[in-house]
Amino acid sequence: MRTCCGGQSVLKNSSQLPRLSVIRASVSSVPSGPQRNHAKSIRRVTQAAVSAPDGVAVQQVAAESHADVTVDEACAMLERVAVLSDAERPSTAVSSGRVTLESPEELASTSEHRVLVGSAMLLLAGIGAQGLAGIHNSLEGACVCAAVAAAYVLADFGTGVYHWSVDNYGSGATPIVGDQIAAFQGHHQRPWTITQRQFANNLHKVFKPFIPFAAAWLTASSLLHFAPVANCFMSTFLFLVCMSQQFHAWGHMKKSELPKAVLALQEAGLLISRRAHGAHHKAPFEGNYCIVSGLWNEALDQQGSDQGFFRKLERFVAARTGVEPRCWYEPKYEIEEMQE
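The following paragraphs examine the structure supplied in this document. (Residues numbered from 1 in each chain as written. Predicted model: local features only at pLDDT ≥ 70, side-chain atom pairs only at ≥ 80, totals over all residues. Heavy atoms only, no water.)

**Some words on the side chain of Asn168**
And then number 1: Tracing the backbone shows Asn168 in helix H7 (residues 138-168).
And then number 2: Judged by its relative accessible area of 1%, Asn168 falls in the buried class.
And then number 3: For Asn168, the side chain forms a polar contact with the main-chain nitrogen of Cys327, separated by 2.9 Å. (Helix = DSSP H or I, 4+ residues; strand = E, 2+ residues; numbered from the N terminus. Buried < 20%, exposed > 50% of the residue type's maximum accessible area, 1.4 Å probe, protein only. Polar contact = N/O pair within 3.5 Å; in protein donor to acceptor, adjacent residues only side chain to side chain.)

In structure tokens, the structure reads:
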């Protein structure tokens with residue numbers, strides 16, 4: 001995949017490289033300083049190099065793209081691209097007349113997926129049950145209701161912040177959350193494939209990290225007798241955060257494909273709807289990140305203003321680290337529509 005030219009790594013065989021969105025996902029990690037034009041230069045060189053014929057040296061690509069970037073910087077970026085995981089490279093398997101990111105087997109739920117999701121749900125249900133069992137009067141009951149409402153509102157905000165972070169920073173090589181970052185980038189390119197995943201397949205990666213925490217919380221609550229408010233808040237918050245990936249999937253489905261109860265919740269504004277979430281799927285994917293109910297989206301985005309919450313946060317990160325978010329640039333891949 002790589003050959004050595006003048007002591008520098010030069011990539012060949014561009015057909016084996018990840019799509020350009022993966023390069024854009026990694027370019028923010030290049031230590032090129034906060035200068036926006038410099039980052040654009042590096043991006044232009046690496047994109048040109050990936051699309052170049054086999055054997056074209058990085059030096060030639062840099063010269064042809066008229067970019068103010070050193071060979072060392074270009075090679076460093078290309079080296080990072082070369083070692084990214086296969087999880088970031090979409091396949092073209094065909095299922096039911098639709099081109100999918102994975103094979104039908106990869107979209108199906110396995111026994112392991114079901115155990116992971118089921119175990120996490122049981123633990124969260126146990127925490128919630130302890131909370132409900134601790135209610136002894138109407139005041140405590142009212143406090144628990146308020147805690148559940150607060151968990152619902154904050155879960156929407158939490159999913160928005162997390163969604164923003166994986167959409168804009170890191171790559172498939174990022175520790176712990178790399179797979180999710182790669183999946184979100186693939187989802188932007190082919191947003192309809194999320195509707196093809198079975199329930200546990202879609203959710204197991206989200207529930208799995210919370211199993212140890214939920215088990216520890218349940219054990220501690222049993223021994224220390226946590227307040228009903230704390231238990232009910234935590235169980236509701238974690239459940240909604242984890243289930244947001246399924247709410248997300250439902251937000252991509254047609255009304256005719258949805259269970260009636262889900263459709264009713266969407267129409268009531270309690271779950272994110274297809275129309276509401278569709279606003280996110282407009283390049284460069286810079287807003288409408290919240291995916292429980294979407295309640296926070298308008299307040300956070302400020303109608304796309306530079307004074308919106310995420311724009312301010314992005315400028316803060318860029319000023320402190322020199323890392324710019326992907327949404328500052330247009331994606332270089334085609335966004336595919338669902339094929340019926």
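**Considerations on the packing of aromatic side chains**
And then number 1: Scanning the entire structure with this criterion turns up 10 aromatic pairs.
And then number 2: When the ring of Trp164 is compared with that of Phe310, the centres are 5.6 Å apart and the planes differ by 25°; the resulting orientation is stacked. In this pair, Trp164 is assigned in helix H7 and Phe310 in helix H15 (residues 309-321), connecting sequence segments 146 residues apart. Pair check on accessibility: Trp164 and Phe310 agree, each one buried.
And then number 3: Aromatic rings pair up to connect Phe157, Trp164, Tyr169, Tyr289, Trp296, Phe309 and Phe310 into one cluster. (Phe/Tyr/Trp six-rings, centres within 6.5 Å; stacked < 30°, edge-to-face > 60°.)

**Concerning H7**
Because each turn of an α-helix spans 3.6 residues, side chains separated by three or four positions end up pointing in the same direction.
And then number 1: Here H7 is 31 residues long and its end C-alpha atoms lie 45 Å apart, about the 45 Å a rise of 1.5 Å per residue gives.
And then number 2: Its side-chain oxygen at 3.1 Å from the backbone nitrogen of Leu139, Asn137 defines the N-terminal cap of H7.
And then number 3: In the stretch just after H7, Gly170 is the one whose phi turns positive, near 80°. (Expected span 1.5 Å × (residues − 1).)

**What about the environment of Pro191?**
And then number 1: Structurally, Pro191 is set in the loop between helix H8 (178-189) and helix H9 (199-207).
And then number 2: Residue classification places Pro191 among the buried residues on the basis of a relative accessible area of 12%.
And then number 3: It is 7.6 Å that separates the C-alpha atoms of Pro191 and His252, two residues lying 61 residues apart in sequence.

Read these as layout, nothing more, since geometry by itself doesn't imply function.
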